[in-house]
Amino acid sequence: MSGQGETEQAMTADDVGIGAPLPRYEDLRLVRGAGRYTDDHHFPGEAHLVVMRSTRAAARVVSIDAAGARSVPGVLAVLTGPDSVADGLGLINCGVERKLADGSPMPRPPYHVLAVDEVRFVGDAVVAVVADTLYAAQEAADLVVVEYEDKSCITTAAEAAKAEAPRIWPQHAPDNVCYVVRNGNVKAVDEAFARAAHVVRTDHRVTRVSTNAMEPRNAVGLYDPVEDRYTLHAGTQVPHRIRNEIAEHVLHIPIHKLRVVSLDVGGGFGMKGAHYPEYMLCLWASRKVGRPVRWTATRSESFLSDYHGRDSHWLVELALDKDGIFLGLRAKVLANVGAYLGLSTTLPPANNIGGIAGVYRTPAICSEVTAYFTNTGPMSPYRGAGRPEATLAIEQIIDVAADTLGIEPVEIRRRNLIPPDAMPYKTGLVFTYDCGEFEKNMDLAIEAADWNGFAKRRQESETNGKLRGLSVVNAIEVAAGPFGRPSEEYAEMRFDPGGNLTVLLGTHNHGQGHETAFRQMAHTLLGLDPERVRVLWGDTDLVAHGVGTFGSRSMIVGGTSMKVASDKIIERGRMVASHMLEAAAADIVFDKGSFKVTGTDRQVRIEDVAKLSYRPHGLPVGEEVGLWASAMIAPDNITYPNGCHVCEVEVDPETGKVDVVRYVVVDDVGTMVNPMLVKGQIHGGIAQGLGQVLMESIEYDAGGQMVTASYMDYGMPRAHDFPYLDIHSNSVPTATNVFGVKGVGEAGTVGAVPAVLNAIVDALKPLGVTQLDMPATPARVWQAIQAAKASCPGQVQRA
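Residues numbered from 1 in each chain as written. Predicted model: local features only at pLDDT ≥ 70, side-chain atom pairs only at ≥ 80, totals over all residues. Heavy atoms only, no water.

(A) Representation of helix H7 (residues 186-194) within the structure. Within the span of H7, buried status applies to Val-189, Ala-192 and Phe-193. In a view along the axis of H7, the buried residues occupy a sector of 95°, so they form one face of it. Exposed and oriented more than 90 degrees from the buried face of H7 are Lys-187 and Ala-194. Check the buried side of H7 and you find it contacts strand S8 (198-209), strand S13 (309-320), strand S14 (326-338) and strand S15 (364-373). (Buried < 20%, exposed > 50% of the residue type's maximum accessible area, 1.4 Å probe, protein only. Helix = DSSP H or I, 4+ residues; strand = E, 2+ residues; numbered from the N terminus. Arc of directions from axis to C-beta. Contact = heavy atoms within 4.5 Å.)

(B) Up close: unusual backbone geometry. Of the consecutive residues Met-423 and Pro-424, the connecting peptide bond is found in the cis state with omega at -5°. Relative to the assigned elements, Pro-424 resides in the loop between helix H13 (409-416) and strand S16 (425-426). Look at the link from Met-774 to Pro-775: it is a cis peptide, with omega at 0°. Assignment of secondary structure puts Pro-775 in the loop between strand S29 (769-771) and helix H21 (778-790).

(C) Representation of the environment of Asn-351 within the structure. Within the secondary structure layout, Asn-351 lies in helix H11 (residues 348-351). Take Asn-351: its relative accessible area is 17%, and that puts it in the buried class. Distance from Asn-351 to Val-96, taken between C-alpha atoms, is 10.0 Å for residues 255 residues apart in sequence.

(D) Broad picture of the confidence of the model for the chain. Across the chain, pLDDT averages 95, with 97% of residues at or above 70. Here residues 1-13 scores under 50 on pLDDT; set against residues more than four positions off or in separate chains, the count is 27 contacts. Confidence drops under pLDDT 50 across residues 794-799; counting only partners more than four residues distant or on other chains, this segment forms 20 contacts. (pLDDT = per-residue confidence, 0-100.)

(E) Highlighting the environment of Met-575. Mapped onto the elements, Met-575 comes out in helix H17 (residues 554-581). Judged by its relative accessible area of 40%, Met-575 falls in the partly exposed class. Not counting the four nearest positions on each side in its chain, Met-575 is found in contact with Ala-585 and Glu-623.

(F) Structural view of the sheet that holds strand S20 (residues 501-505). Strand order across the open sheet formed by four strands is S21-S20-S19-S25, with mixed pairing between neighbours. One side of each edge strand has no neighbouring strand; the edge strands of this open sheet are strand S21 (533-536) and strand S25 (628-633). The average undirected angle you get between the axes of adjacent strands in this sheet is 15°. When strand S19 (residues 489-495) meets S25, the two strands line up antiparallel, connected through six bridges. Note that in S25 the partner of Tyr-490 across the bridge is Met-632. Packed onto the sheet, helix H16 (residues 514-526) meets S19, S20 and S21 and runs at close to 130° relative to S21. (Pairing = 2+ DSSP bridges. Axes fitted to C-alpha atoms, helices over the stretch in contact; angles between N-to-C directions.)

(G) A look at the packing of aromatic side chains. On inspection of all chains with the given rule, the structure shows 13 aromatic pairs. Taking 5.7 Å as the distance between ring centres and 70° as the angle between the ring planes, the aromatic pair formed by Trp-169 and Tyr-340 counts as edge-to-face. Of this pair, Trp-169 sits in the loop between helix H6 (157-160) and strand S7 (177-184) while Tyr-340 sits in the loop between S14 and H11; the two residues are 171 residues apart in sequence, bridging distant segments of the chain. Exposure remark for Trp-169: the relative accessible area of 5% places this residue in the buried category. The buried category is assigned to Tyr-340, whose relative accessible area is 5%. Residues Phe-590 and Phe-595 carry aromatic rings whose centres are separated by 4.8 Å and whose planes lie at 55° to one another, so their mutual orientation is tilted. A single burial state applies to Phe-590 and to Phe-595, both of which are buried. In this structure an aromatic cluster arises from ring pairing among Tyr-111, Phe-121, Trp-169 and Tyr-340. Directly above the ring of Tyr-276 sits Arg-217, whose terminal nitrogen or CZ lies 3.8 Å from the centroid. (Phe/Tyr/Trp six-rings, centres within 6.5 Å; stacked < 30°, edge-to-face > 60°. Lys NZ or Arg CZ within 6 Å of the ring centre and 35° of its normal.)

(H) How the structure looks around the pairing of S14. With 11 of its 13 residues buried, S14 lies for the most part within the structure. Connecting S13 to the next strand, S14, in antiparallel fashion are five residues, including Gly-324 with a positive phi near 85°. By the bridge criterion, 10 bridges tie S14 to S15 in an arrangement that is parallel. Each residue of the ladder has a partner; that of Val-333, found in S15, is Val-369.

(I) Region of the structure containing the sheet that holds strand S24 (residues 603-605). Judged by pairing direction, the sheet is antiparallel, and its three strands sit side by side in the order S22-S23-S24 without closing on themselves. Each having just a single partner strand, strand S22 (588-591) and S24 make up the two edges of the open sheet. The mean angle between the axes of side-by-side strands here comes to 25°, regardless of whether they run parallel or antiparallel. One ladder, built from three bridges, connects strand S23 (residues 594-597) with S24; its direction is antiparallel. From the neighbouring strand, Lys-596 faces S24, where its bridge partner is Gln-603. Where helix H18 (residues 606-613) meets the sheet, its contacts fall on S22, S23 and S24, and the angle it forms with S24 comes to roughly 75°.

(J) Quick peek at the layout of surface pockets. In this structure, the second largest pocket encloses a volume near 360 Å³. If you list the elements that add at least two residues to the lining of the second largest pocket, you get strand S1 (47-53), helix H5 (134-143), strand S12 (293-296) and helix H10 (299-305). Here the residues of the lining of the second largest pocket sort into eight nonpolar, five polar and four charged. (1 Å grid on protein atoms, 1.4 Å probe; cavity = no way out; pocket = protein on both sides within 12 Å on 5 of 7 lines; lining within 4 Å. Points joined across faces, edges and corners; volume = space filled by probe spheres on them. Nonpolar A, V, L, I, M, F, W, Y, C, P; charged D, E, K, R; others polar.)

(K) Fine view of the nonpolar core. Among the nonpolar cores identified, the biggest contains 159 residues, and Ile-356, Val-646, Tyr-663, Leu-694 and Ile-760 are the most heavily contacted of them. Counting residues per element, this core draws most heavily on helix H20 (residues 747-764), which supplies 10 residues. Setting aside its immediate chain neighbours within four residues, Ile-356 contacts Trp-314, Leu-329, Ala-331, Ile-365, Ser-367, Ala-390, Ala-393, Ile-394 and Leu-429. In this structure, Phe-495, Trp-537, Ile-569 and Ala-583 belong to the second largest nonpolar core, which totals 46 residues. (Core = buried A, V, L, I, M, F, W, Y, C linked by side-chain atoms within 4.5 Å.)

(L) Up close: the packing of helix H8 (residues 239-251) against helix H9 (residues 277-289). One can describe the packing of H8 onto H9 by two numbers: an axis separation of 11 Å at closest approach and a directional angle of 65°. For the pair H8 and H9, the sense of crossing is right-handed. In contact with Ile-242, Ile-246, Val-250 and Leu-251 of H8, H9 contributes Tyr-279, Met-280 and Leu-283. Class assignment of the residues belonging to the contact of H8 with H9 gives a composition of seven nonpolar, no polar and no charged. (Left-handed = near helix turned anticlockwise from the far one by under 90°.)

(M) Structural view of the environment of Ser-561. The topology assignment puts Ser-561 in helix H17. Here Ser-561 falls in the buried class, since its relative accessible area comes to 0%. As a C-alpha pair, Ser-561 and Ile-633 span 72 residues in sequence and 5.2 Å in three-dimensional space. Residue contacts for Ser-561: discarding those within four places in its chain leaves Glu-489, Tyr-490, Ala-491, Ala-631, Met-632 and Ile-633.

(N) Examining the packing of H17 against H18 more closely. Relative orientation of the contacting elements H17 and H18 amounts to 80°, with a least axis distance of 9 Å. In terms of orientation, H17 lies roughly perpendicular with respect to H18. Of H18, the residues touching H17 (which contributes Ile-569, Arg-572, Gly-573, Val-576, Ala-577 and Met-580) are Ile-606, Asp-608, Val-609, Leu-612 and Ser-613. Of the residues contributing to the contact of H17 with H18, the split by class is seven nonpolar, two polar and two charged. (Parallel < 35°, antiparallel > 145°, perpendicular 65-115°, else oblique.)

(O) Representation of empty space enclosed by the protein within the structure. Applying the stated criterion across every chain, the model contains four cavities of 30 Å³ or more. In this structure, the largest cavity encloses a volume near 140 Å³. No other element matches S13, which puts five residues into the lining of the largest cavity. Residues that form the lining of the largest cavity fall into these classes: eight nonpolar, eight polar and three charged. Quantified by volume, the second largest cavity comes out at close to 50 Å³. Contributing to the lining of the second largest cavity are Ala-475, Ile-476, Glu-477, Pro-641, Asn-642, Gly-643, His-645, Asp-667, Ala-747 and Val-750. Elements supplying a minimum of two residues to the lining of the second largest cavity: strand S18 (467-476), strand S26 (642-651) and H20. Among the elements that line the lining of the second largest cavity, the one with the most residues is S26, at three residues. Within the lining of the second largest cavity, the residues separate by chemical class into five nonpolar, three polar and two charged.

Below you can see the structure in the form of structure tokens.
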């Protein structure tokens, strides 16, 4: 599964430093069950919290009768929304500001930790019960009686946009609109369409999905009355951020009065990048009952209350000249943000909209994203956070254009690709690419996929009564900075008196392999054996500052800060080494872990320098003791990982079952810190993209009830759903950060969503199906085939 570029990098890399395919250090403890997840931390006297949730999508809370719950032996507290208000708890804050069409600030409806007057989606937290045991808390929660006065509900953005739609927040958002984001040059786009020889259109839905992390959301809250201080143990991607949000906006306490601990986390994917009501409930309840309080979501509870991803409706138009050259592109998006605004709810629909430009020279592009409140659960970033949606929009409509103009899919893309000598290239919408070899990516991918041999394979499938489809997708994304520039990150590197290094990072490791990758960076920077390096994260008392891990940023921003900190250590070490070697500091150079006197064979290892630095009597008078440094740096610019995906599928027309039979990726993630980890990230990204296209979808009925709230109804991909994933590399290091890293965490998903869906449509085209909305379940594919058979020849069919 290695491409030529990856092999070359591995051959020239140090055997344990940057570029080496080093096995993960963390795996040994994890497979032995020695992880440090939230449920692995236990405290004396723990109580258990259970949340009673709304069974209504929209209703006024008339009354709450908790007498039966309070009578259950072992019950310590029954807490309601009015109780939270009376105790002074604040509101959950949204950290991403947007505006309405007139430029005024977006509405910010109140988001309490427990519903106060109304419930607005099935799963809305209404009552929290705390008891000695989990079973007592569950029994008591079942005895809470809530009287509701039902109201009309809506569950899609398209419904919310209608004039007659019920209003979710009539006082805050009288038209259900949360925000409007417009980008691009509308006049230039209109002019491009006016002179176009061809205009093609698509109208498609991107489904709502649930993250389904291996580790459910959970929390333990502790309150120390002696220090008047709280501690929260919870699985989160952004410990420092949620500490600040909870302290400032909900508990109204100084930041130093709250500690957040999040060590090992069993999957985040954007969903665990927020402060959920249950986190504050555990902290509040701990203060109320005087004991640690634990909460863990059940799987059904996770479906209802985890923030969801995607969920948008896209109208896209592409203008072309007679030769298939792109002239203009416009997109109109209706996005569903749910009933409340979580920390990053407003981020995904519009933040990565620049991705609709793709890797093409389309000169005029404009977009409009309108987000609506609905009676559904809140939204959050989900692996890709708008990038897969944008890539699907451009790559899907290119295939439609290819069919309309009779141009082969590879050829129409080739005619419009941005060449390397055009870099830096300002696209028609938002982004400016610094580097990339897009045509080479595509050529490598189609060669590896045996594109030219597809006709024969299709004929073989037809002989066997099957349909076969093929797609090529050029994907590009923005990484390292959700707001057009990288945010800062903290790194601290400190030697102990034995010459060992501890690295403390504000990034967060929840499955990416940071313990390995950052050790490799430390080796390259300071020449240390990785076995002498310890990597720590996820404790706000231990790490001074942190932004966290999301948006494929960690190696870029964390690595940049490590580089600056290591430079400080080398400079400080040079002073100590000059004393040890009895040479002028100006004559000392640092190379691969050793300080050397220029022009001689005299040298000393950095480990020995570190040891001496802790012996004040061995240092010059007045010299500072110890060897450590920290840095909090933002790289110069964001990055643009890119690549080409080729997907081949076979469809059984009798059952509608889709088999992905071949998948090739050529990715440019810049410098690969660890090629093995890169492949793992791409594998995981493809899995989540394929899962969404083939089977995953959160669905609500007309009454707002979730009908996919268990694994009986919500499909999840398994190993047998995947072919061999053939991963290749065409790395073009970026100059925007010191390591040339572009990021990889979301790359697989960004390309997989359009690649798999386009391949299925290609398989169904001979039957007259030219568009298919996800999920492409066997039932939906079969229905599309039957509808095509019943229609007039050539009629466009859609499912």
